[in-house]
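Listed below are the residues making up each chain.
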Amino acid sequence: MSRAVLSIGSNVGDSLGYLRSVVRALGVRLESSSGVYRTAPWGGVEQQPFLNAVLIASDDSLDGYGWLRFGQSCEQAAERTRDVRWGPRTLDVDVIAVYSPDLTRPTGEPPMVLQSDPELTLPHPRAFERAFVLAPWHEVAPDAQLPQGPVADLLAGLQASGAADQAAERLDQVAL
């Protein structure tokens, strides 16, 4: 079995509907979901704020590439286009981390898959610098770790910076 941390986001069209489409596509594989966050766009492209969430899912048959294909199929169903890097999108599904019980770590750390490949790098190489990933991930897995440190500490550092592109507001009245 593998467990995946998926970051989902949208800022075009029915954003909440697009996020919910990923939850529906996961079905019984969904273990937990964060609340929905309104976040500032990241990457310097002028655009609307995003709705973001983090999902944790498991599936005996999927590895990192399987999770990547799952995310891509959700994006295709949402008619995502890739016109501008870090630009507006109907749906973005990023594989942030994958855990496999087949791995063992002498330090007792969770069995996180570490890989560097042009198609898929795990964990996601920029997750540690994005509040739109860290805030919802911390909500569903407060003890989560990245190679750069605990998600809680990384998030606190971003929030302390006060950078506008690191704003993440939880929308309490909205659920997936």
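Quick summary incoming for the structure in this document.

Thresholds applied
Residues numbered from 1 in each chain as written. Predicted model: local features only at pLDDT ≥ 70, side-chain atom pairs only at ≥ 80, totals over all residues. Heavy atoms only, no water. Helix = DSSP H or I, 4+ residues; strand = E, 2+ residues; numbered from the N terminus. Buried < 20%, exposed > 50% of the residue type's maximum accessible area, 1.4 Å probe, protein only. Contact = heavy atoms within 4.5 Å. Areas by Shrake-Rupley, 256 points an atom, 1.4 Å probe, with all protein chains shown as cover. Polar contact = N/O pair within 3.5 Å; in protein donor to acceptor, adjacent residues only side chain to side chain. Core = buried A, V, L, I, M, F, W, Y, C linked by side-chain atoms within 4.5 Å. Pairing = 2+ DSSP bridges. Salt bridge = Lys/Arg side-chain N within 4 Å of Asp/Glu carboxyl O. Phe/Tyr/Trp six-rings, centres within 6.5 Å; stacked < 30°, edge-to-face > 60°. Axes fitted to C-alpha atoms, helices over the stretch in contact; angles between N-to-C directions. Parallel < 35°, antiparallel > 145°, perpendicular 65-115°, else oblique. Left-handed = near helix turned anticlockwise from the far one by under 90°. Nonpolar A, V, L, I, M, F, W, Y, C, P; charged D, E, K, R; others polar.

Quick look at the overall build of the protein
For the protein, the helix and strand inventory stands at four helices and eight strands. Listed by position from the N terminus, the elements making up the protein come as β-α-β-β-β-α-β-α-β-β-α-β. Dimensions of the protein, computed from C-alpha atoms along their principal axes, come out at roughly 45 × 35 × 35 Å. Burial status across the protein gives 48% buried among its 176 residues. Counted over contacts in the protein with a minimum sequence separation of 6, partners at least 24 positions apart contribute 69%. Accessible surface, the protein: about 8800 Å² in total, of which carbon and sulfur atoms supply 51%.

With respect to the side chain of asparagine 11
Mapped onto the secondary structure, asparagine 11 falls in the loop between β1 (2-10) and α1 (15-26). Residue classification places asparagine 11 among the buried positions, given a relative accessible area of 10%. Engagement of the side chain of asparagine 11 in a polar contact is seen with the side chain of glutamine 47, the distance being 2.9 Å. The residues contacting asparagine 11, other than those within four sequence positions of it, are Gln47, Gln48, Pro49, Phe50, Pro88 and Arg89.

Remarks on the nonpolar core
Core analysis: the biggest nonpolar cluster contains 28 residues, and Leu6, Val22, Leu26, Trp67 and Val95 have the highest contact counts within it. Put simply, the parts of the chain that give this core at least two residues each are β1, α1, β4 (50-59), α2 (64-77) and β5 (92-99). The element that contributes the greatest number of residues to this core is α1, accounting for five residues. The residues touching leucine 26, leaving out its near neighbours within four places in the chain, are Leu6, Leu55, Ala57, Trp67 and Phe70.

Remarks on the pairing of β5
Counting buried positions over the eight residues of β5 gives eight, a clear majority of the element. As paired elements, β1 and β5 share seven bridges and run antiparallel to each other. If you follow valine 5 over to β5, its bridge partner there is alanine 97.

Remarks on the pattern of salt bridges
Under the counting rule described, the total for this entry stands at nine salt bridges. Salt-bridge contacts for arginine 69 lead to glutamate 119; the nearest nitrogen and oxygen are separated by 2.5 Å. Highlighted residues: arginine 69 in helix α2 and glutamate 119 in the loop between β5 and α3 (131-140), separated in sequence by 50 residues. On the accessibility criterion, arginine 69 (40% relative accessible area) is partly exposed. In this structure glutamate 119 comes out as partly exposed when scored by relative accessible area, which is 43%. Of the charged contacts, one joins arginine 80 and aspartate 92 as a salt bridge, the two residues approaching to 2.7 Å between their closest N and O atoms.

Looking at the packing of aromatic side chains
The full count for this structure, using the stated rule, is one aromatic pair. Here tryptophan 67 and phenylalanine 70 contribute two aromatic rings whose centre-to-centre distance is 6.3 Å and whose plane-to-plane angle is 80 degrees, an arrangement assigned as edge-to-face. On the criterion of helical spacing, the pair formed by tryptophan 67 and phenylalanine 70 is a turn pair, its members being three residues apart in helix α2. Residues tryptophan 67 and phenylalanine 70 agree in their burial class; the two are buried.

Re the packing of α3 against helix α4 (residues 151-161)
Two elements in contact, α3 and α4, have axes whose closest approach is 9 Å; the angle formed by their N-to-C orientations is 135 degrees. Classified by the interaxial angle, the pair formed by α3 and α4 is oblique. Judged by the sense of rotation from one axis to the other, the crossing of α3 with α4 is left-handed. Counted together, Ala131, Leu134, Ala135, Trp137 and His138 of α3 and Val151, Ala152, Leu154, Leu155 and Leu158 of α4 form the full contact between these two elements. For the contact of α3 with α4, the residue count by class is nine nonpolar, one polar and no charged.

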